[in-house]
Every structure is written in structure tokens, then in C-alpha cells.
Amino acid sequence: MDLLKKLFPLSFGTKDVAGLVIKILIYIVVAAVLGVLLGVLAGIPILGIIFTIISSLVWIYEVAGIVLLVLDYLKVLK
């Protein structure tokens, strides 16, 4: 659990619904900005594959962060 808290620091410690919504919005905004940036960089012919892989990993990180955030808020994680 300590490793998860180090990898996803934003996903833990939410006390109320407003904090939950704000943290989810932060995840969504960061994912959108990085998605656009990495999408543009993926158009580079030689480096496109690398940026496509990075974009997929960022998406997985964001989804996992939101899932952990909701699970922590619902007190499923201990």
C-alpha cells in the first residue's frame, strides 16, 4: 500500500465529495493536456511509436489513479 501511495499521491486522503470531484477533474485535465501534446508528438514519423506507447501508459496511469481515488474514498482500500 505504501508503494501505491508513493506512485499515486493524489489518489489518497480525500475526505469529502468536493475533494473527490476536484481530484477527478485534475486527473482529467492532466490526461487531456498530455493526450493532446503526445498526440501531436506522435505525428513525428520516427518517434511516433514511442510517443504512442507513452500516451497509452499515461492513459493507464490516469485511469488507475481515478480508480484508486474512488476506492480510497469509499474506504475499500485499507
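In what follows, the structure referred to is the one given above.
Residues numbered from 1 in each chain as written. Predicted model: local features only at pLDDT ≥ 70, side-chain atom pairs only at ≥ 80, totals over all residues. Heavy atoms only, no water.

Peer 1: Would you mind going over the packing of aromatic side chains in detail, with residue names and values included?
Peer 2: Under the counting rule described, the total for this entry stands at 1 aromatic pair. Taking the centre distance of 4.6 Å and the plane angle of 15 degrees together, the rings of Phe 8 and Tyr 61 count as stacked. In this pair, Phe 8 is assigned in the loop between α1 (2–7) and α2 (17–41) and Tyr 61 in helix α3 (residues 48–73), connecting sequence segments 53 residues apart. Relative accessible area serves as the criterion here: at 36%, Tyr 61 is assigned to the partly exposed category. When the ring centre of Phe 12 is taken as origin, the NZ or CZ atom of Lys 5, which lies over that ring, is 5.9 Å away. (Phe/Tyr/Trp six-rings, centres within 6.5 Å; stacked < 30°, edge-to-face > 60°. Helix = DSSP H or I, 4+ residues; strand = E, 2+ residues; numbered from the N terminus. Buried < 20%, exposed > 50% of the residue type's maximum accessible area, 1.4 Å probe, protein only. Lys NZ or Arg CZ within 6 Å of the ring centre and 35° of its normal.)

Peer 1: So what's going on with unusual backbone geometry? Which residues, and what values?
Peer 2: Phi is positive for Lys 75, which is not a glycine, with a value near 65 degrees. In this fold, Lys 75 is placed in the segment after α3.

Peer 1: Provide a residue-level description of a nonpolar patch on the surface, including the pertinent values.
Peer 2: Together, Ile 49, Ile 53, Leu 57, Trp 59, Ile 60, Val 63 and Val 67 line one region of the surface with nonpolar side chains, adding up to about 710 Å² of accessible area. Here Ile 49 shows up in helix α3. The class of Ile 49 is exposed, set by a relative accessible area of 62%. (Patch = residues over 30% accessible without salt bridge, like charges linked within 9 Å, V, L, I, M, F, W, Y side chains within 5 Å. Areas by Shrake-Rupley, 256 points an atom, 1.4 Å probe, with all protein chains shown as cover. Salt bridge = Lys/Arg side-chain N within 4 Å of Asp/Glu carboxyl O.)

Peer 1: Can you explain the environment of Ala 42? Please cite residues and give values.
Peer 2: Relative to the helices and strands, Ala 42 resides in the loop between α2 and α3. Residue class for Ala 42 comes out partly exposed when judged on its relative accessible area of 27%. Each C-alpha atom, one on Ala 42 and one on Lys 15, is 38 Å from the other, the two residues being 27 residues apart in sequence. Ignoring any residue separated from it by four or fewer positions in sequence, one finds Ala 42 in contact with Gly 48, Phe 51 and Thr 52. (Contact = heavy atoms within 4.5 Å.)

Peer 1: Can you lay out α3 for me, pointing to particular residues and giving the numbers?
Peer 2: If you check α3, its first and last C-alpha atoms are 37 Å apart, about what 26 residues at 1.5 Å a residue would give, namely 38 Å. All buried positions along α3 are accounted for by Gly 48, Phe 51, Glu 62, Gly 65, Leu 68, Leu 69 and Asp 72. Those residues of α3 that are buried are in contact with α1 and α2. (Expected span 1.5 Å × (residues − 1).)

Peer 1: So, the environment of Leu 37: which residues are in play, and what are the values?
Peer 2: Its location among the elements puts Leu 37 in helix α2. Given a relative accessible area of 47%, Leu 37 falls into the partly exposed group. Through-space distance from the C-alpha of Leu 37 to that of Leu 4 is 26 Å; in sequence the pair is 33 residues apart.

Peer 1: Account for the packing of α2 against α3, naming residues and giving values.
Peer 2: Two elements in contact, α2 and α3, have axes whose closest approach is 9 Å; the angle formed by their N-to-C orientations is 175 degrees. Considered as vectors, α2 and α3 are oriented roughly antiparallel to each other. Residue-level contacts link Val 17, Leu 20, Lys 23, Ile 24, Tyr 27, Ile 28, Val 30, Ala 31, Leu 34, Leu 38 and Leu 41 of α2 to Gly 48, Phe 51, Ile 54, Ser 55, Val 58, Tyr 61, Glu 62, Gly 65, Ile 66, Leu 69, Val 70 and Tyr 73 of α3. (Axes fitted to C-alpha atoms, helices over the stretch in contact; angles between N-to-C directions. Parallel < 35°, antiparallel > 145°, perpendicular 65-115°, else oblique.)

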